[in-house]
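Residue-level listing of the chains:
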Amino acid sequence: MRGRGLGAAGLALAAAVLGTAPAQAEGGTSPYVFADGAARVAGEVSSTDAHTLAAGRPYRSQIGPGEELYYAVDLDATSYAYASAVAVPKPGAKVGTRDRLTVTLRDRRDNQCGTGDTRFGSAAYPRPLAAQAVRAVKPDGGTCQEAGPYFLVVERETGGTSAQEPWELELRLLTEPAVQGKGGPTEAPSPSPTDAPADVPGGEPVARRGGTGFNDAVALGDGSFKTRLKPGGTTFYRVPVDWGQRLYVEPELGSATTDKSMAYVSSALETALYNPAFGPVDDGSLLFNGSPQTLASEPLQPVAYENRHASAPSVKGTRFAGWYYVQLTLSPKMAEVFRGDDFGVTLRVRVQGEPVAGPRYAGDAGPFQVGDREREAAEAGRSDAEVARGETMAVVAASGIGTGTVLLVGLGVWFWVARRGAAGSRVRSG
């Protein structure tokens, strides 16, 4: 509604003019930054009191050790539903190999519609962890297929030696529209070769600092990129992968010096890959002894709708086009073994293949597509927030005497009045 306050465009322009636009975080030095506009919501121990989460909106919550919390969601009868939870322990918190986050979707008759979990494993140091539950659409019907109320249940299992502090949570529910016609393929595809591409990007890596979370993950396209991570730091990138394309990501931890003999750090660099619905796709870990170490990687399977029917998680996860997220975390033990305040990481990215036509959705594909906007962001190395600010500025520039222009005029008048007032004071005092 125009004429009531500055509005989003005016505020964005004001931030740019006054130099208060959000700054990009240095590689993994800042705590996790949650999604813009994420509403606070409490998880409840009783399903009766569960608060409803709307699809497409981010939420913030928290969970204590041993808790099982309920949230309510409403699902239709035709869409795949993806409920994800990102757990964020406090920096420096003590975590254990048995610490686990589980996410489950249940219907009102307590049928389990989908579940997923994640844990720290041998890389037992604090970092964001994401888990996802999927309510699938089954052609032959059955449980969990009707429209109506469902429950998202988030559970935290904690080992005896772990910190008893609550973990922050970032919650999302995304829905994927039904496919027109017969509902899309119903059989898993034949596996494609998994050899590393012959043309892994080389040359001098481009410096590109990552983001502090999914919210401000920095876009990458084909190429070789570098950043620096502090021990215990985490950074996020994202890569647009279209239908028919396959993603290859190769992380490398650069050389470092030490005063110790037989020095090494297990799980020195922990990597995780997530799909456009924030579901885990793959992960990996590097043992580091001071020499450059590259994580042996395989390309993902080509993105295809029918991948959802496969059994391997790394294939099931590549079920739709969109942004694929890369998370890198450097072990805090690097500070104890090797010299330096931060350490170099190279990320080589190759998106193989030409895009093909995707499924014909019955509704808006939302985040499950790649277009010019995504490709331009990847080429420029921008986060979603930067893309939004750029689009806002373009709208303001095109709107002539819009809110942003009024703001600039107002700032100019304020400056002119201030100067006139100061000049008048000097005349009177003279």
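Relevant structure appears above.
Notes on the structure in this doc start here.

Criteria and thresholds
Residues numbered from 1 in each chain as written. Predicted model: local features only at pLDDT ≥ 70, side-chain atom pairs only at ≥ 80, totals over all residues. Heavy atoms only, no water. Helix = DSSP H or I, 4+ residues; strand = E, 2+ residues; numbered from the N terminus. Buried < 20%, exposed > 50% of the residue type's maximum accessible area, 1.4 Å probe, protein only. Contact = heavy atoms within 4.5 Å. Disulfide = S-S within 2.5 Å. Core = buried A, V, L, I, M, F, W, Y, C linked by side-chain atoms within 4.5 Å. Pairing = 2+ DSSP bridges.

1. A few points about the environment of Pro185
Then step 1. Within the secondary structure, Pro185 sits in the loop between strand E10 (167-176) and strand E11 (206-207).
Then step 2. According to the relative accessible area criterion, Pro185 is partly exposed, its value standing at 37%.
Then step 3. The sequence separation of Pro185 and Arg308 amounts to 123 residues, and the corresponding C-alpha distance is 9.5 Å.
Then step 4. With near-sequence residues (within four places) excluded, Pro185 lies in contact with Tyr305, Glu306 and His309.

2. Focus: the state of the cysteines
Then step 1. Under the counting rule described, the total for this entry stands at 1 disulfide.
Then step 2. Between the sulfur of Cys113 and that of Cys144 lies a disulfide, 2.1 Å long from S to S. The chirality of the disulfide connecting Cys113 with Cys144 is left-handed, given an S-S dihedral of about -80°. Within this pair, whereas Cys113 is found in strand E7 (residues 112-119), its partner Cys144 is found in the loop between strand E8 (129-135) and strand E9 (148-157), the two being separated by 31 residues in sequence. We note that Cys113, like Cys144, is buried.

3. Some points on the nonpolar core
Then step 1. Leu247, Leu253, Met334 and Phe338 are the most contacted members of the largest nonpolar core, which has 63 residues in total.
Then step 2. When near neighbours in sequence (up to four residues on either side) are disregarded, Leu253 contacts Ala268, Leu269, Leu286, Phe288, Ser291, Pro292, Gln293, Leu330, Met334, Phe343, Gly344 and Val345.
Then step 3. In terms of nonpolar packing, the next biggest core, distinct from the first, is built from 29 residues, Leu75, Val103, Val154 and Leu169 among them.

4. Quick word on the sheet that holds strand E5 (residues 80-88)
Then step 1. Spatially, 5 strands are ordered E1-E3-E10-E5-E8 in an open sheet, and the strand pairing comes out mixed. Two strands in the sheet have a free side with no partner beyond their single neighbour: strand E1 (39-40) and E8.
Then step 2. Where E1 lies against strand E3 (residues 59-63), 2 bridges are found, and the strand directions are parallel. In the sheet register, Ala39 faces E3, and the bridge partner there is Tyr59.

5. Focus on the pairing of strand E14 (residues 234-241)
On any regular strand, side chains alternate: one points to one face of the sheet, the next to the other face.
Then step 1. Here E14 lies mainly inside the structure; 8 of its 8 residues are buried.
Then step 2. With 2 bridges connecting them, strand E12 (residues 218-219) and E14 associate as parallel partners. Bridging across to E14, Val218 finds its partner in Tyr237.
Then step 3. Examined bridge by bridge, E14 and strand E19 (residues 322-330) share 8 bridges and lie antiparallel to one another. What sits directly across from Val239, in E19, is Tyr324.

Read these as layout, nothing more, since geometry by itself doesn't imply function.
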